[in-house]
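# Fold and geometry: a report
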Amino acid sequence: SSKTFWTTTGMFPQELIIGFPKCVKISKVAIQCYLVRTLRIERSTSKDPVGFEQCIEKDLQHREGQLQREEFPLPEFQATYLRFIIKSAFDHFVSVHRVIAEGT
């Protein structure tokens, strides 16, 4: 829902894990967030959310008063879980408003 968001508790790193009903192929991940400085995306193909492998890590640009919109085109890979690790931020609290994973 565009009316909801996930917020951190003020200490870093923070993580958010998204699970899929089965292993899927992902070609692009997009995120809308606020005040995130460094973001790492990891994947797992396990039945449970364990054994994560790093996909990408990126420093995001600060956009005062606006949501950050970042797209990560990735070589197509499989995942059952995606873990988003917010390693650092531009403030004590950040928020994640939308995550989109494209693929099959």
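Keep in mind that what you see is a predicted model, and the values were worked out from it rather than measured.

### Comments concerning the overall build of the protein chain
- Each helix and strand in the protein chain was counted, giving 0 helices and 6 strands.
- Listed N to C, the secondary structure of the protein chain is β-β-β-β-β-β in terms of helices and strands.
- Its C-alpha atoms give the protein chain a radius of gyration of 13 Å, near enough to 13 Å, the size a compact globule of 104 residues would have.
- When the 104 residues of the protein chain are sorted by exposure, 37% land in the buried category.
- By sequence separation, contacts in the protein chain at least 24 residues apart represent 78% of the contacts at least 6 residues apart.
- Put simply, the protein chain shows about 6300 Å² of open surface, and 49% of that area lies on carbon and sulfur atoms.
- Charged side chains in the protein chain number 14 positive and 12 negative. The centres of these two groups are separated by 5 Å.

### Considerations on the sheet that holds strand β6 (residues 95-103)
- Taken in spatial order, the 6 strands line up as β1-β6-β2-β5-β3-β4 in an open sheet, and their pairing is antiparallel. Sheet topology places β1 (6-7) and β4 (53-59) at the edges, where each strand pairs with a single neighbour.
- Pairing analysis gives 2 bridges linking β1 to β6, with the strands arranged antiparallel. Looking at the pairing, Thr7 lines up with Ser95 of β6.

### As for the side chain of Thr80
- Relative to the helices and strands, Thr80 resides in strand β5 (residues 68-89).
- Accessibility expressed as a relative area gives 10% for Thr80, which makes it buried.
- Reaching out from Thr80, the side chain makes a polar contact with the backbone oxygen of Thr45 at a distance of 3.4 Å.
- If near-sequence neighbours (up to four positions away) are discounted, Thr80 is found in contact with Ile18, Gly19, Phe20, Lys22, Cys23, Ser44, Thr45 and Ser46.

### So, the nonpolar core
- Within the largest apolar cluster, 21 residues are counted, with the highest numbers of intra-cluster contacts made by Leu39, Leu82 and Phe84.
- Elements that contribute at least two residues to this core include exactly β2 (14-34), β3 (36-44) and β5.
- The leading source of residues in this core is β5, at 8 residues.

### A word on the pattern of salt bridges
- Under the counting rule described, the total for this entry stands at 9 salt bridges.
- Overlapping salt bridges, with partners in common, bring together Glu15, Arg40, Glu42, Glu57, Arg83 and Lys87 in one network.

### Side note on unusual backbone geometry
- In this structure, Pro13 follows Phe12 across a cis peptide bond, with omega equal to 10°.
- Looking at the secondary structure, you find Pro13 in the loop between β1 and β2.
- Positive phi outside glycine occurs at Leu35, with the angle close to 70°.
- With respect to the helices, strands and loops of the structure, Leu35 is situated in the loop between β2 and β3.

Rules and cut-offs
- Residues numbered from 1 in each chain as written.
- Predicted model: local features only at pLDDT ≥ 70, side-chain atom pairs only at ≥ 80, totals over all residues.
- Heavy atoms only, no water.
- Helix = DSSP H or I, 4+ residues; strand = E, 2+ residues; numbered from the N terminus.
- Rg over C-alpha atoms; globule rule 2.2 N^0.38 Å.
- Buried < 20%, exposed > 50% of the residue type's maximum accessible area, 1.4 Å probe, protein only.
- Contact = heavy atoms within 4.5 Å.
- Areas by Shrake-Rupley, 256 points an atom, 1.4 Å probe, with all protein chains shown as cover.
- Lys, Arg positive; Asp, Glu negative; His and termini not counted.
- Charge placed at Lys NZ, Arg CZ, Asp CG, Glu CD.
- Pairing = 2+ DSSP bridges.
- Polar contact = N/O pair within 3.5 Å; in protein donor to acceptor, adjacent residues only side chain to side chain.
- Core = buried A, V, L, I, M, F, W, Y, C linked by side-chain atoms within 4.5 Å.
- Salt bridge = Lys/Arg side-chain N within 4 Å of Asp/Glu carboxyl O.

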